[in-house]
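Chain and residue survey
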2 protein chains.
Amino acid sequence: MTHRLQRYLSLGLATIATAFVAGCAHRTSHNDHIGLKTMGSFHIGGREVTLSGKPTKMVTMTQGGVPVKIDPNGVYQVEQMYVQYFVPAHEKGKLPLLMWHGGGLSGVTYETTPDGREGWLNYFIKQGWTVYNSDAVERGRSGWAMYPDVFTTDPVFLTKENPFERFRIGAGPGSYNKDPAKMKLLPGSQFPTEGYDNFMKQGVPRWTSTDAPIIAAYTELVDKVCPCIVLAHSQGGPFAYKVAQARPDKVKALVLVEPAGTGDAAKAAALKDIPNVSIYGDFIAQDARWPTIKANNLKFHEAIRAAGGKPEVIDLPAIGIKGNSHMVMMDKNNLEVAAVIQKWLAGQGFVR
Amino acid sequence: MTHRLQRYLSLGLATIATAFVAGCAHRTSHNDHIGLKTMGSFHIGGREVTLSGKPTKMVTMTQGGVPVKIDPNGVYQVEQMYVQYFVPAHEKGKLPLLMWHGGGLSGVTYETTPDGREGWLNYFIKQGWTVYNSDAVERGRSGWAMYPDVFTTDPVFLTKENPFERFRIGAGPGSYNKDPAKMKLLPGSQFPTEGYDNFMKQGVPRWTSTDAPIIAAYTELVDKVCPCIVLAHSQGGPFAYKVAQARPDKVKALVLVEPAGTGDAAKAAALKDIPNVSIYGDFIAQDARWPTIKANNLKFHEAIRAAGGKPEVIDLPAIGIKGNSHMVMMDKNNLEVAAVIQKWLAGQGFVR
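Note that the structure is a prediction, hence the values are computed from the model and not measured. (Residues numbered from 1 in each chain as written. Chains lettered and ligands numbered in written order. Predicted model: local features only at pLDDT ≥ 70, side-chain atom pairs only at ≥ 80, totals over all residues. Heavy atoms only, no water.)

What follows concerns the overall build of chain A. Check the secondary structure of chain A and you find 8 helices and 10 strands. Its C-alpha atoms give chain A principal-axis dimensions of roughly 95 × 55 × 50 Å. Looking at chain A residue by residue over its 352 residues, the buried ones come to 59%. Counting only contacts in chain A whose residues sit at least 6 apart along the sequence, the fraction spanning at least 24 positions is 73%. As displayed, chain A has an accessible area near 13300 Å², and 55% of this comes from carbon and sulfur atoms. (Helix = DSSP H or I, 4+ residues; strand = E, 2+ residues; numbered from the N terminus. Buried < 20%, exposed > 50% of the residue type's maximum accessible area, 1.4 Å probe, protein only. Contact = heavy atoms within 4.5 Å. Areas by Shrake-Rupley, 256 points an atom, 1.4 Å probe, with all protein chains shown as cover.)

Written as structure tokens, this is what we have:
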């Protein structure tokens, strides 16, 4: 063959090759798809307790089954925590991202929104983060322990109007109505009210006496899978602060979405080298409780700052993102807020 | 260019093209990877109940939080069911596969095994099935309702030795020991005893009075996502039989792994056109309860057969697969048994 012919050939083949490589890349990184290296789950933490002095009983476990003797006296497994993880085929996050939900809820918080849109779990996996999504001790797939034998208080159940009024969806007491058309919403609310019934289906009973076992299990999780970044919502906020204070070498950043409490002020210095941001939605000022809850966090920030730390606050309305309820990750603009978090993480150098 | 040159070129390009296409196929169907078109979750079913006459109380939901008034009187959401789904990028199953777990457990049953190996969820997704993995009403991410107000009985908790002896892992009463080295196992048991503590962490409290709401929610799931195939374990078996009897047009096949009960004998004819197979592990004959449980199912099969149906039974030991406990999907040979199910489904024409 002549040189010209060889050049013609190589160019032609190169063009074809490029075309096919592009084809592959397009398919494997297609935005609608989720490519996983693997996914799985495990339980961690907990302890064994022994109960005694209770009567034995025959129980037919399954209708049409065969009765079995149940002796309630003995050793039980309690206070463990469920964790589901997803490892993307193409990791772009430099550290795993742990998602911790709020009170009376489970890891479902970060899955599909109550009105059927993609949640933060899919968003951050698609951004290339390895994500560990857990159900705190006492809820969801973590199971719960007998009370008052193990959990010392009764569980709390929430009526349908309670979160509607408390999570800055409705305009205060009396704002809830079964009919979305008759709900009294805060002006410009981003909560998908057509999915409110489904949101209530996500709720699980909660205890108010289980902070210690919850923190113990989260700490074991951090010891197992970190260094990592913790993204925590509401009640998960104080848990994240406290676990970071206990493991400042393992928790490399904190993203706190409307934290419902703070860490231990006496140990604020433990957080001085951990980048952390608190993110707030809309309607804080006119709420009965959120001005105090937020003020407590800002006061805690002062203690961290006094120790040399640089805690940050992002008020979504201040950057033009308005109408967010307490359930930011479910609001209609949930992915816009996720992008704010992704940008903050990238700014901290955690994205490849 | 001469004709010979054109032929040389086209052959060359064709070869390159084929090579790259093969390359793509290899990457996207890599056995260690999970390619998903999408994944998500939803809750389905349930009802609202109204409670009244109970005292109001102030509750501090989060340690360090602000007290909130909780009025327990009002409308509650109860008896819904959680469902997580995975749609593979390359579907090979002709229908969705619904996975229903057994009593006192949740969808975690089908996830990573207690000793950390891949479970049936990943296996069937990798085989190209769209899978819906649910937590039955009352368990896991489905939440549970107040008792005795809504659920009429107390929950049942299991001691650590109970499933060990009852699920054909240990050799009867007294066989459990905290130390795996001291456990008295059935000879040749395939259960991963090093993971027994983790298996107990997967357990959730169970009620014996909730069959009706559980069946109602499964029926709603079938109405939403079927036609489909239902793979059910233990207590899930009778639920699957009964839902199939209620929706014979939507449930196209039943794979029952050690069903703990049967359907309604009076409605056996409803199952005559639905391919169904019951799969049993090892050690049935020497167990205190399983000979009766299995005999009940075989008797139910007779009723289906009398109506013209062809229920099948696969005794794993009879085909050379020995040592399986009641928790077949967690045993060391769990993927070997999954392959038996995959082969049966393919034999029924459900695989593309």
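Picking up where we left off.
All names here are of chain A. When you tally the buried positions in strand 8 (residues 251–257), you get 6 out of 7 residues, the bulk of the element. Here 6 bridges tie strand 7 (residues 228–233) to strand 8, and the two strands are oriented parallel to one another. From the neighbouring strand, His233 faces strand 8, where its bridge partner is Val257. What joins strand 7 to strand 8 is helix 6 (residues 236–246), and the crossover it makes is right-handed. Pairing geometry for strand 8 and strand 9 (residues 276–280), over 4 bridges, is parallel. Following the sheet pairing, Val257 is matched in strand 9 by Ile279. (Pairing = 2+ DSSP bridges. Right-handed = clockwise from strand over helix to strand, strands pointing away.)

With that out of the way, let us pick up the nonpolar core. Trp120 and Phe124 of chain A together with Trp120 and Phe124 of chain B are the most contacted members of the largest nonpolar core, which has 92 residues in total. Among residues more than four places away in sequence, those in contact with Phe124 of chain B are Leu97, Met99, Trp129, Val131, Leu231, Ala338, Ile341, Gln342 and Leu345 of chain B. Counting residues in hydrophobic clusters, the runner-up holds 35 residues, among them Ala136, Leu221, Ala244 and Ala268 of chain B. (Core = buried A, V, L, I, M, F, W, Y, C linked by side-chain atoms within 4.5 Å.)

Evaluation of the coordinates by the stated rule reveals 40 salt bridges over all chains. Across the salt bridge formed by Asp115 of chain A and Arg117 of chain A, the nearest N and O atoms sit 2.7 Å from each other. Of the charged contacts in the structure, one is a salt bridge between Glu111 of chain B and Arg141 of chain A, with a shortest N-O distance of 2.9 Å. Of the two residues, Glu111 of chain B is situated in the loop between strand 5 (97–100) and helix 2 (120–126) and Arg141 of chain A in the loop between strand 6 (131–135) and helix 3 (161–166); the pairing between them involves two chains. Across the pair, exposure class does not vary: Glu111 of chain B and Arg141 of chain A are buried alike. Overlapping salt bridges, with partners in common, bring together Glu48 of chain A together with Lys160, Lys178 and Asp197 of chain B in one network. (Salt bridge = Lys/Arg side-chain N within 4 Å of Asp/Glu carboxyl O.)

Each copy of the sequence occupies a distinct position, and chain B is placed on chain A by a rotation of 180° and an axial shift of 0.0 Å, giving an RMSD of 0.0 Å. Taken together, the rotation angle and the small translation identify this as a two-fold axis. Most of the interface of chain B is mirrored in chain A: 100% of its interface residues are interface residues there too. (Least-squares fit on C-alpha atoms with pLDDT ≥ 70 in both.)

Turning next to the interface of chain B and chain A. Facing 100 residues of chain B, the contacting portion of chain A comprises 100 residues. When chain B packs against chain A, close to 7700 Å² is buried across both sides, 60% of that on carbon and sulfur atoms. Together, Arg141, Trp144 and Lys201 of chain B form the three largest contributors to the area buried by chain B at its contact with chain A, with a combined 11%. There are 8 salt bridges connecting chain B and chain A. Residues Glu48 of chain B and Lys178 of chain A are paired through a salt bridge, measuring 2.9 Å at the closest nitrogen-oxygen approach. Along the contact surface separating chain B from chain A lie 30 residue pairs in polar contact (both at pLDDT 80 or more). Here the side of chain B that touches chain A is composed, by residue class, of 45 nonpolar, 36 polar and 19 charged. (Buried area = accessible area lost by both parts, 1.4 Å probe. Polar contact = N/O pair within 3.5 Å; in protein donor to acceptor, adjacent residues only side chain to side chain. Nonpolar A, V, L, I, M, F, W, Y, C, P; charged D, E, K, R; others polar.)

Before going further, it helps to spend a moment on the environment of Ile274 of chain A. Its location among the elements puts Ile274 of chain A in the loop between strand 8 and strand 9. Between the C-alpha atoms of Ile274 of chain A and Ile304 of chain A, which are 30 residues apart in sequence, the distance is 9.9 Å.

Our next topic: the environment of Ile44 of chain B. Position of Ile44 of chain B relative to the elements: it lies in strand 1 (residues 34–51). With 38 residues separating them in the primary sequence, Ile44 of chain B and Tyr82 of chain B have C-alpha atoms 6.6 Å apart. Sequence-distant contacts of Ile44 of chain B, defined by excluding residues within four places in its chain, comprise Lys201 of chain A together with Gln80, Met81, Val83, Ala217, Glu220, Leu221 and Lys224 of chain B.

Time to look at the state of the cysteines. One covalent bond between the sulfur atoms of two cysteine residues makes up a disulfide. Residue and element names in this part refer to chain B. Counting across every chain of the model gives 2 disulfides over all chains. One disulfide in the model links Cys226 with Cys228; its S-S distance is 2.1 Å. Between Cys226 and Cys228, the S-S dihedral sits near 75°, and the bridge is therefore right-handed. Cys226 sits in the buried class, given a relative accessible area of 11%. (Disulfide = S-S within 2.5 Å.)

This part is about the side chain of Thr113 of chain B. Residues and elements named next belong to chain B. Counting through the fold element by element, Thr113 comes out in the loop between strand 5 and helix 2. Of the polar contacts made by the side chain of Thr113, one reaches the backbone nitrogen of Arg117; its length is 2.8 Å. Ignoring anything within four residues of it in the chain, the contact list for Thr113 reads Glu118, Gly119, Met329, Met330 and Asn334.

Residues and elements named next belong to chain A. Averaged over all residues, the pLDDT of chain A is 91; the fraction at 70 or higher stands at 90%. In the predicted structure, residues 5–30 sits below a pLDDT of 50 and forms 25 contacts with residues beyond four places in sequence or in another chain. Scored as a whole, the predicted complex attains pTM 0.91, and scored at its interfaces, ipTM 0.90. (pLDDT = per-residue confidence, 0-100.)

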